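Spelled out, the chains give:
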Amino acid sequence: MATTEELQTLVLTTLDKENVITDSKSLLVNDKPVDQLALLGALNSLKSKEMIDFTPIDRITWILTEEGKQLAKDGSHEARVFAAIPAGEEGLPIAELQNKVGASAKPGQGKAFKNKWVSKKGANLVRLVDTIVDETQRDLKEIESTGTLGDAKVLADLKKRTLVDKQKTTTYSVSKGPDFSLTVKKEATDITTEMLQSGEWKNATFKKYNFDAAGVPPNSGHLHPLMKVRQEFREIFFEMGFQEMPTNCFAESSFWNFDALFQPQQHPARDAHDTFFLKDPATSDRYPRDLMEKIKNTHENGGDTGSIGYNYKWKEEEAQKLILRTHTTAVSSFMLHKLSEETKKTGEFRPAKYFSIDRVFRNESVDATHLAEFHQIEGVIADKNLTLGDLIGFMDIFFKKMGMDKIRFKPTYNPYTEPSMEIFSYHEGLKSWVEIGNSGMFRPEMLLPLGLPSDVRVIAWGLGLERPTMVKYGISNIRDLLGHKVNIGMIKEYPICRLDKESKDKIEGVSED
Ligand code: PHE
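All values reported here derive from a predicted model rather than from experimental measurement.

Calculation criteria
- Residues numbered from 1 in each chain as written.
- Predicted model: local features only at pLDDT ≥ 70, side-chain atom pairs only at ≥ 80, totals over all residues.
- Heavy atoms only, no water.
- Helix = DSSP H or I, 4+ residues; strand = E, 2+ residues; numbered from the N terminus.
- Rg over C-alpha atoms; globule rule 2.2 N^0.38 Å.
- Contact = heavy atoms within 4.5 Å.
- Areas by Shrake-Rupley, 256 points an atom, 1.4 Å probe, with all protein chains shown as cover.
- Pairing = 2+ DSSP bridges.
- pLDDT = per-residue confidence, 0-100.
- Salt bridge = Lys/Arg side-chain N within 4 Å of Asp/Glu carboxyl O.
- Buried < 20%, exposed > 50% of the residue type's maximum accessible area, 1.4 Å probe, protein only.
- Axes fitted to C-alpha atoms, helices over the stretch in contact; angles between N-to-C directions.
- Phe/Tyr/Trp six-rings, centres within 6.5 Å; stacked < 30°, edge-to-face > 60°.
- Near = heavy atom within 4 Å.
- Polar contact = N/O pair within 3.5 Å; in protein donor to acceptor, adjacent residues only side chain to side chain.
- Nonpolar A, V, L, I, M, F, W, Y, C, P; charged D, E, K, R; others polar.
- Domains from an automatic or database assignment.
- Core = buried A, V, L, I, M, F, W, Y, C linked by side-chain atoms within 4.5 Å.

## Some thoughts on the overall build of the protein
Okay, so step 1: The helix and strand inventory of the protein stands at 18 helices and 19 strands.
Okay, so step 2: Relative to the 2.2 N^0.38 estimate, which gives 24 Å for 513 residues, the radius of gyration of the protein is 42 Å and therefore markedly larger than a compact globule would have.
Okay, so step 3: Taking the principal axes of the C-alpha coordinates as reference, the protein spans close to 125 × 75 × 50 Å.
Okay, so step 4: Summarising the internal contacts of the protein: among those between residues at least 6 apart in sequence, 71% fall at separations of at least 24.
Okay, so step 5: Just so you have it, the protein exposes about 27900 Å², and 52% of that area is on carbon and sulfur atoms.

Structure (structure tokens):
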């Protein structure tokens, strides 16, 4: 087959001589028509350099099938049957036809009867005519050389006999372009260091970018294992009537992350050693002024909450500091404030169940089980007169749905909850109780300034997403799950997550505290 260069030269010299190529069907290399697909490549390349222009000519042509080719060469089945029968009264016993003409026997007999060339006489076949013209062979030969046949009915019949088939072919009409020349300039596809150093770039012709070229099709996307497990947890929350909180903003003011949660401004978690502070912008004051006043008073002296507060001077600069949120409870405090605003508007408190599963950040040293960022699962229920018993009862149901039915609680401390409880689950493999989360009832010092009615109680809990995921997929180093060293193939190959809701301890999450 001719190379692209050879085809280009052929096109250019032909155009030079004849000015146009009306139909590329006529182009020959070594006396054979050129391969039109290869020609198209050559034409496209010349067109991109504006050396030529071309338009496709589409047409339907007829080609012979393998059987058709065979018959064009050896004669039709019916002609072979006719030839096999000797002239005269005697003819040929039908049983012998198969031996003489093989596979032509059956189709050939039918056609030869129809053409009135032969007929049956007893158990023999006899000729009805002396000579025949093998029209089928003649037609096939014509189609082979011209690609068509004048008689459409015969064509249709040959197609039915699967001797011929239709084929769409495209050839091209070619004309000179504005930059026509007999030589093809070499085009550089990219500027190189060498070209810059030698100054060659000044004279180089650059290949145009083809912005219409289809890119390499991307493989389909795959959910990261964390997102697969997240989806399963989401289902549990939705099943239980929870609403998802908007957690798509990772940067948060200290106000919502700490102050609104009654976390004093000198609390060690608010130190740069524990929390990432933003440089630019470094502050935000997107919180209501009246709420800020209430929170300031509560921190300083308890305000209207009946508490004595922390007894220190609260500073707004501290609250304005922008950070990467250290927990999703920052969003819970914002949502509870929104809920109280709605309550004020409608005059009626509406119980709420919220959840979120999203990323949080802590300035921690990284090791096999800790990263500076991870995902928290958080649930919040606000209703009148909830008790610690409700929290414990609800935790039981929630963790059972995750396949953990041995749950225990241990008192702990959070600035924003009282009482607070760490949640433990019995790990059958380790034969011990492992911490899986943290929970509590939000303090009045948090809820009253947010504006919730005084009989509304809010129970809440949080746990990490990473550890249940690692247990589920048998990953022992967190750096194999998240970060720049992960094996992308693992993301593709891990199956979707199905929490084994029946069995006892398939999932043992440990809160990341
Ligand atoms: N915010 C806590 C954490 O980061 C979890 C928690 C949420 C605790 C809600 C109590 C109530 O671990």
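## Some points on the sheet that holds strand β6 (residues 118-121)
Okay, so step 1: Taken together, 3 strands build an open sheet; the order of strands is β5-β7-β6 and the sheet is antiparallel. Only two strands of the sheet have a single neighbouring strand rather than two, namely β5 (92-93) and β6.
Okay, so step 2: The pairing of β6 with strand β7 (residues 124-127) spans 4 bridges and is classified as antiparallel. Looking across to β7, one finds that S119 is bridged to V126.

## Quick word on the confidence of the model for the protein
Okay, so step 1: Of the residues in the protein, 97% reach a pLDDT of 70 or more, and the chain-wide mean stands at 90.
Okay, so step 2: In the model of the protein, helix α17 (residues 466-473) stands out as the element of lowest mean pLDDT, 81, in contrast to strand β11 (residues 243-244), which has the highest, 98.
Okay, so step 3: Every residue in residues 502-513 scores below 50 in pLDDT, and together they form 49 contacts with partners more than four places removed in sequence or on other chains.

## Details of the pattern of salt bridges
Okay, so step 1: Here the structure, examined in full by the defined rule, presents 23 salt bridges.
Okay, so step 2: Residues R138 and D139 are paired through a salt bridge, measuring 3.4 Å at the closest nitrogen-oxygen approach.
Okay, so step 3: A relative accessible area of 47% means that R138 is categorised as partly exposed.
Okay, so step 4: Across the pair E422 and K410 runs a salt bridge, and its minimum N-O distance is 3.9 Å. Linking E422 in strand β17 (residues 417-427) with K410 in strand β16 (residues 407-414), this pair joins segments that are 12 residues apart in sequence.
Okay, so step 5: When its relative accessible area of 17% is taken as the criterion, E422 is described as buried.
Okay, so step 6: Put simply, K296, E300 and K313 are held in one network by salt bridges that share partners.

## Some words on the sheet that holds strand β4 (residues 52-64)
Okay, so step 1: Strand order in the open sheet formed by 3 strands is β1-β8-β4, and the pairing between neighbours is antiparallel. In this open sheet, the two edge strands, each paired with only one partner strand, are β1 (20-21) and β4.
Okay, so step 2: Sheet topology places β1 next to strand β8 (residues 164-176); 2 bridges connect them, and they run antiparallel. Its bridge partner lying in β8, I21 is registered against V174.
Okay, so step 3: Each of β4 and β8 touches helix α2 (residues 36-48); the most contacted strand, β4, lies at about 170 degrees to it.

## Details of the packing of aromatic side chains
Okay, so step 1: Applying the stated criterion across every chain yields a total of 23 aromatic pairs.
Okay, so step 2: Between the aromatic rings of F394 and F398, the centroid separation amounts to 6.5 Å while the plane-to-plane angle is 20 degrees, which identifies the pairing as stacked. Here the residue F394 and the residue F398 both occupy positions in helix α15 (residues 388-401), the gap between them amounting to 4 residues, near one helical turn.
Okay, so step 3: Judged by its relative accessible area of 0%, F398 falls in the buried class.
Okay, so step 4: Through a chain of ring-to-ring contacts, the aromatic side chains of F237, F238, F242, F355, F394, F398, F399 and W461 assemble into a single cluster.

## Concerning the site of the ligand
Okay, so step 1: Inspection of the region around the ligand gives 14 residues, with H327, T329, R362, Q376 and Y416 positioned closest.
Okay, so step 2: Here an oxygen atom of the ligand and a side-chain polar atom of R362 are 3.0 Å apart.
Okay, so step 3: Out of a free accessible area of 330 Å², the ligand has 97% covered by protein chains.
Okay, so step 4: Secondary structure elements with two or more residues in the shell around the ligand: β15 (373-384), β18 (432-442) and β19 (456-464).
Okay, so step 5: Here the element with the most residues in the shell around the ligand is β19; it accounts for 3 residues.
Okay, so step 6: Class assignment for the residues of the shell around the ligand results in 3 nonpolar, 8 polar and 3 charged.

## Some details on the domain arrangement of the protein
Okay, so step 1: We note that the domain assignment places domain 1 (1-76 + 134-215) and domain 2 (226-248 + 326-512) within the protein.
Okay, so step 2: The C-alpha centroid of domain 2 is placed 65 Å from the C-alpha centroid of domain 1.

## Details of the nonpolar core
Burial of nonpolar side chains together is a common tendency in soluble globular proteins.
Okay, so step 1: With 38 residues, the main nonpolar core has F233, F242, F394, F398, F399, M402 and W461 as its most contacted residues.
Okay, so step 2: Of all hydrophobic cores here, the second largest spans 30 residues; its members include Y312, W314, M446 and A460.

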